[in-house]
Amino acid sequence: MAAKGLCAVGISVTHLDRSLARTMEPRACALARRLETIRSLSEAGIPVRIMVAPIVPGITDHELETMLEAGRDAGAPLASYILLRLPGEAKDLFVEWLETHFPTFQRKMLNTIRSLRDGRLNNAQ
C-alpha cells in the first residue's frame, strides 16, 4: 500500500521531558518507542510524519524545534503540529489538571491560549 501511495502514518510526540511525560500522558508509550516506530516505518518505506501535538504554550512549546529534529533524525520527512484544543468538557479537565500540576502558572497559561484563540479557550476553526 505504501509503494502505491495508499497509506501513510502519523506518530504524535507531545514532549521530550520524561517527568512531564508521566504527568501529561501517564499511560502512553515513551518518546524513545515513538521515535523507534518512526524509524521502523521509514526504513520499511512507509511515509511517516511526526505530529507535535498538542503544543501546550508554556509547557511544551519550547521543545518544538528539538521534537521536529528528533522526528527528522528518526526518518520522518514530514511534520505537523496542533496547538492545544479544549473543546467541551476537555476544557474543564485541562483547567483542573493545570490547578493540580501547574497552579502558579495556570492563569498565564489560560490567558496565552485565549490570546491565540480569539479570546476563547477553544476555537473550532
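1. Observations regarding the overall build of the chain
Check the secondary structure of the chain and you find five helices and three strands. Each helix and strand of the chain, placed in order from N terminus to C terminus, yields the pattern β-α-α-β-α-β-α-α. Dimensions of the chain, computed from C-alpha atoms along their principal axes, come out at roughly 45 × 30 × 25 Å. Counting over 125 residues, the chain shows a buried share of 30%. In the chain, the share of contacts with a sequence separation of at least 24, taken over all contacts with a separation of at least 6, comes to 69%. In the chain, the 16 positive side-chain charges and the 14 negative ones have mean positions that sit 3 Å from each other.

2. Thoughts on the packing of helix H4 (residues 89-101) against helix H5 (residues 106-116)
One way to put it is that H4 packs onto H5 with a least axis distance of 9 Å and a crossing angle of 145°. Within the contact between the two elements, H4 uses Phe94, Val95, Leu98 and Glu99 and H5 uses Gln106, Met109, Leu110 and Ile113.

3. Re the sheet that holds strand S3 (residues 78-83)
In a beta sheet, neighbouring strands are held together by backbone hydrogen bonds and run either parallel or antiparallel to one another. Strand order in this open sheet of three strands is S1-S2-S3, and the pairing throughout is parallel. Each having just a single partner strand, strand S1 (9-13) and S3 make up the two edges of the open sheet. Shown here is a sheet whose adjacent strand axes are inclined to one another by a mean of 25°, direction ignored. Here strand S2 (residues 48-55) pairs with S3 via five bridges, running parallel. Note that in S3 the partner of Ile50 across the bridge is Ala79. Each of S1 and S2 is contacted by helix H2 (residues 31-43), which is oriented at about 160° to S1, the strand it contacts most. Sitting on the sheet, helix H3 (residues 64-74) is in contact with S1, S2 and S3, with an inclination near 160° to S2.

4. Structural notes on the state of the cysteines
Each disulfide is one covalent bond, formed between the sulfur atoms of two cysteines. Under the definition given, this model contains zero disulfides. No disulfide involves Cys7; its nearest neighbouring cysteine sulfur is the one of Cys29, lying 19 Å away.

Thresholds applied
- Residues numbered from 1 in each chain as written.
- Predicted model: local features only at pLDDT ≥ 70, side-chain atom pairs only at ≥ 80, totals over all residues.
- Heavy atoms only, no water.
- Helix = DSSP H or I, 4+ residues; strand = E, 2+ residues; numbered from the N terminus.
- Buried < 20%, exposed > 50% of the residue type's maximum accessible area, 1.4 Å probe, protein only.
- Contact = heavy atoms within 4.5 Å.
- Lys, Arg positive; Asp, Glu negative; His and termini not counted.
- Charge placed at Lys NZ, Arg CZ, Asp CG, Glu CD.
- Axes fitted to C-alpha atoms, helices over the stretch in contact; angles between N-to-C directions.
- Pairing = 2+ DSSP bridges.
- Disulfide = S-S within 2.5 Å.

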